[in-house]
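# Chains, contacts and geometry: an overview
Listed here are the chains, written in short residue letters.
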Amino acid sequence: MKFDWLIVGAGFTGCIIAERIASQLGESVLIVESRDHIGGNAYDYFDENGILVHKYGPHLFHTNSKKVWEYLSKFTEWTPYYHKVLAVIEGKKVPVPFNLNSIQALFPISFSDRIEELLYKKYSFGDKIPVLKMVEHENHEISSLGNYIYRNVFLGYTVKQWDLKPEELDASVTGRVPFSFSRDDRYFKDKYQALPKHGYTNMFKRILKHKGIKVLLNTDYKEVSKEIDYNRMVYTGPIDSFFDYKYGALPYRSLTFDFQYHEKDDFQEAGQVNYPNEFDYTRITEYKKLTGQYAKGTTISIEYPKAYKAGRNDPYYPIPRKENNEKYALYLQETQQLKNQVIFAGRLAEYKYFNMDQVAARALHLFETEIKPSKP
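Everything quoted here is computed from the prediction, not taken from an experiment.

Tallying secondary structure elements over the chain gives 13 helices and 19 strands in all. What you see for the chain is a C-alpha radius of gyration of 22 Å, in line with the 21 Å of a compact globule of 376 residues. Along the longest, intermediate and shortest principal axes, the C-alpha atoms of the chain span 75 × 50 × 40 Å. Going through the 376 residues of the chain one by one, you find that 55% of them count as buried. Pairs at least 24 residues apart make up 73% of the contacts formed inside the chain by residues separated by at least 6 positions. Of the roughly 17900 Å² of accessible surface on the chain, a fraction of 48% belongs to carbon and sulfur atoms. Computed over 51 positive and 48 negative side-chain charges, the separation of the two mean positions in the chain equals 3 Å.

Attention now moves to the pattern of salt bridges. Counted according to the given criterion, the structure contains 17 salt bridges. Between Glu70 and Lys66 there is a salt bridge whose closest N-O contact spans 3.8 Å. Taken together, the positions of Glu70 and Lys66, both in helix α2 (residues 66-72) and four residues apart, correspond to about one turn of that helix. Note that Lys246 is salt-bridged to Glu334, the shortest N-O span being 3.0 Å. In this pair, Lys246 sits in the loop between α10 (239-242) and β14 (252-262) while Glu334 sits in helix α12 (residues 322-336), placing the two residues 88 residues apart along the sequence. One continuous salt-bridge network, built from bridges that share partners, spans Asp266, Glu286 and Lys289.

With that settled, the discussion passes to the layout of surface pockets. For the second largest pocket, the calculated volume is near 250 Å³. Those elements giving two or more residues to the lining of the second largest pocket turn out to be α12, β19 (342-344) and α13 (356-371). Looking at which element gives the most residues to the lining of the second largest pocket, the answer is α12, with four residues. In terms of residue class, the lining of the second largest pocket is made up of seven nonpolar, two polar and four charged.

This part takes up the sheet that holds strand β13 (residues 229-235). Pairing within the open sheet is parallel, and its five strands lie in the order β12-β2-β1-β13-β19. Here the strands that pair on one side only, and so sit at the sheet edges, are β12 (213-216) and β19. For this sheet, the mean inter-axis angle between neighbouring strands, taken without regard to orientation, is 20°. Relative to β12, strand β2 (residues 29-32) runs parallel, the two sharing four bridges. Its bridge partner lying in β12, Ile31 is registered against Val215.

Counting 49 residues, the largest nonpolar core has Phe12, Leu72, Tyr200, Phe204 and Ile207 as the members making the most contacts within it. At the level of secondary structure, the elements contributing two or more residues to this core comprise β1 (2-8), α1 (12-25), β2, α2, β11 (192-196), α8 (200-207) and α13. Not counting residues within four places of it along the chain, the set of residues in contact with Ile207 comprises Cys15, Ile16, Glu19, Tyr71, Leu72, Phe75 and Ile213.

Bringing empty space enclosed by the protein into the picture now. Counted according to the given criterion, the structure contains one cavity of 30 Å³ or more. If you add up the space inside the largest cavity, you get close to 30 Å³. As for the largest cavity, its lining consists of Phe98, Val131, Ile149, Val153, Phe154, Val177 and Pro178. The leading source of residues in the lining of the largest cavity is helix α6 (residues 140-162), at three residues. Taken together, the residues of the lining of the largest cavity break down into seven nonpolar, no polar and no charged.

The rules behind each value
Residues numbered from 1 in each chain as written. Predicted model: local features only at pLDDT ≥ 70, side-chain atom pairs only at ≥ 80, totals over all residues. Heavy atoms only, no water. Helix = DSSP H or I, 4+ residues; strand = E, 2+ residues; numbered from the N terminus. Rg over C-alpha atoms; globule rule 2.2 N^0.38 Å. Buried < 20%, exposed > 50% of the residue type's maximum accessible area, 1.4 Å probe, protein only. Contact = heavy atoms within 4.5 Å. Areas by Shrake-Rupley, 256 points an atom, 1.4 Å probe, with all protein chains shown as cover. Lys, Arg positive; Asp, Glu negative; His and termini not counted. Charge placed at Lys NZ, Arg CZ, Asp CG, Glu CD. Salt bridge = Lys/Arg side-chain N within 4 Å of Asp/Glu carboxyl O. 1 Å grid on protein atoms, 1.4 Å probe; cavity = no way out; pocket = protein on both sides within 12 Å on 5 of 7 lines; lining within 4 Å. Points joined across faces, edges and corners; volume = space filled by probe spheres on them. Nonpolar A, V, L, I, M, F, W, Y, C, P; charged D, E, K, R; others polar. Pairing = 2+ DSSP bridges. Axes fitted to C-alpha atoms, helices over the stretch in contact; angles between N-to-C directions. Core = buried A, V, L, I, M, F, W, Y, C linked by side-chain atoms within 4.5 Å.

Encoded structure:
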């Protein structure tokens, strides 16, 4: 078999780059995917009860990029959805990221009014304040509030999710869920927020519909790469695996999901409820509340963070710590020797956590800057 391009991985990165190459350059692409489906971790399907679920946990699309939104809109209609998350704190379900409504739900009105007035003096309404910065604040009451949020919202969830304390992780993690100085309970504030109307898998099928794209599932690319004649490769898998773990394995966190069907219309008050302190799991997702689907009964998933073990479970989250970044840098140096042959792109290949819109934006950017200009 002869192709212009071999793309390893059928997630956001691989699918978008394949579509661009086929439709804009008229070149042939073979996508090799080790799983039995396209779509990467955004893959969704209808379970045995007819409920559309996300196999790898909730995927909520949100972006401020008009370019990304308009590109994906070529392949899907959208169902508007504004994600709201509750967290169980001292037996009460309150909005997260922690905000003024959360304070009012948990504390006496005298304290909530006083702390709100104090916050107005120190910050601008709408500010997102890193929790660890609040802990260090010179004002005792703000510092005390920061400590409360740290202990009750942040610490337990982080330890369960990462098996590390917040201060042991890169600031990019600790800054992801700040205190929100507002009364806006939406988890994301992006301009565009929605889910594909007919599901992510349907969207990916339409992205890959071009006649110049072939897809090979249930296949390790290393088993077939020598049998395939191709000019260049886009690799979206784990970078340490590509180089046969030359500098050792890069660590990841993994997840397992307990999917349950319940014969009732509603299971919980919001699409997502977090459990930062109680139980071994971190969150419960109710999928009908995300997709807007009408169906009998409801399906939930209970999410358990796990250590990643190669060959036994899937790598979900690169662990952003100094020593891991230094190891990744060694692999990054190796890629320079293959610069004209292999493009490394995506969460696993770049050892970096990306939101879906960031992955899409990066794929479009790579096509425009590294693939398209190389053609005469």
